[in-house]
Amino acid sequence: MLLRVENVHKSFGALEVLRGVELSVDKGDVVAILGPSGSGKTTLLRCVNFLERADGGSLTFDGERFDLARISKRDAARLRKKTAFVFQSYNLFLNKTALENVAEGLIVGRKIPKVEAVDAARRALDKVGMLDRADHYPSQLSGGQQQRTAIARAIAAQPEIVYFDEPTSALDPELTGEVLAVMRQLAEEGMTMLVVTHELGFARTVSSQVVFMEGGVVVEAGPSRQIFEAPRQTRTRAFLQTDQA
């Protein structure tokens, strides 16, 4: 098992957003986290990658266990180097080209020599179909192209797992398709992914496991086929039927 989180709690003031969440991800898994707005999906992803500090719970990564509420900055930074995060809103540097956006983290964050970083960035851009736009700035790219650049940035350092937070939520249907195609390709190549998504088609056909959340808890989790074809929980069934209606 590559990743396991247990009993994760997180509150913002009086609002308890996560109430004892547990999930696990095996190497090579594509785990889709589904659920209605406000169910805690994004907060969970941010806690797992230390963008938010959880109030309680543990994280085990590649056999090494950490207290999420007390993890040191050094350990959090060390674990982040084994992971990557793709945001809803791309988070690209507007004053840098696509190539520079991908190479920047390798050079600054991972201290990779510039020549090697640029080579790695070009390979990553090629993988997501963006090499011909390497010298374009974000303002010259469509939303789908920006998100594909963000995915290239995520995979350039060959992370052990990539976290995706609603990667298509800001895109129209045509651009959504091109981003999902890249993610499908990565899944076929064995990339381990934990994906918060509202794209049920992607979750059904690409993910190996599904986690359904509501109200800050995991209502149901299991193999994708089982969740979509024979969900055990009434609430899961109702969500899937409503969303597909």
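Cut-offs applied
- Residues numbered from 1 in each chain as written.
- Predicted model: local features only at pLDDT ≥ 70, side-chain atom pairs only at ≥ 80, totals over all residues.
- Heavy atoms only, no water.
- Buried < 20%, exposed > 50% of the residue type's maximum accessible area, 1.4 Å probe, protein only.
- Helix = DSSP H or I, 4+ residues; strand = E, 2+ residues; numbered from the N terminus.
- Pairing = 2+ DSSP bridges.
- Axes fitted to C-alpha atoms, helices over the stretch in contact; angles between N-to-C directions.
- Parallel < 35°, antiparallel > 145°, perpendicular 65-115°, else oblique.
- Left-handed = near helix turned anticlockwise from the far one by under 90°.
- Contact = heavy atoms within 4.5 Å.

Take the pairing of strand β6 (residues 83-86) next. Side chains of β6 alternate between two faces, with T83 and F85 and A84 and V86 buried alike. Relative to strand β7 (residues 161-165), β6 is paired through four bridges, and the arrangement is parallel. Bridging from a neighbouring strand, T83 pairs with I161 of β7.

We now examine the packing of helix α3 (residues 98-109) against helix α4 (residues 114-127). Where α3 contacts α4, the axes come no closer than 8 Å and their chain directions differ by 130°. It follows from the interaxial angle that α3 and α4 lie oblique. As for the relative orientation of α3 and α4, their crossing is right-handed in sense. Of α4, the residues touching α3 (which contributes A98, L99, V102, A103, L106 and I107) are K114, A117, V118, A120, A121, R122, A124 and L125.

Even without being a glycine, N7 presents a positive backbone phi close to 55°. Mapping N7 onto the fold places it in strand β1 (residues 3-12). When its relative accessible area of 41% is taken as the criterion, N7 is described as partly exposed. Within the chain, E166 stands out as a residue other than glycine whose phi angle is a positive 45°. Structurally, E166 is set in the loop between β7 and α6 (173-188).

On to the sheet that holds strand β4 (residues 56-61), then. On the basis of which strands lie adjacent, the open sheet formed by four strands has the order β2-β1-β4-β5 and antiparallel pairing. Looking at the sheet topology across the chains shown, the edges are occupied by β2 (15-25) and β5 (64-67). Each strand of the sheet is rotated relative to its neighbour by a mean of 20°, with strand direction disregarded. Where β1 lies against β4, five bridges are found, and the strand directions are antiparallel. From the neighbouring strand, H9 faces β4, where its bridge partner is G56.

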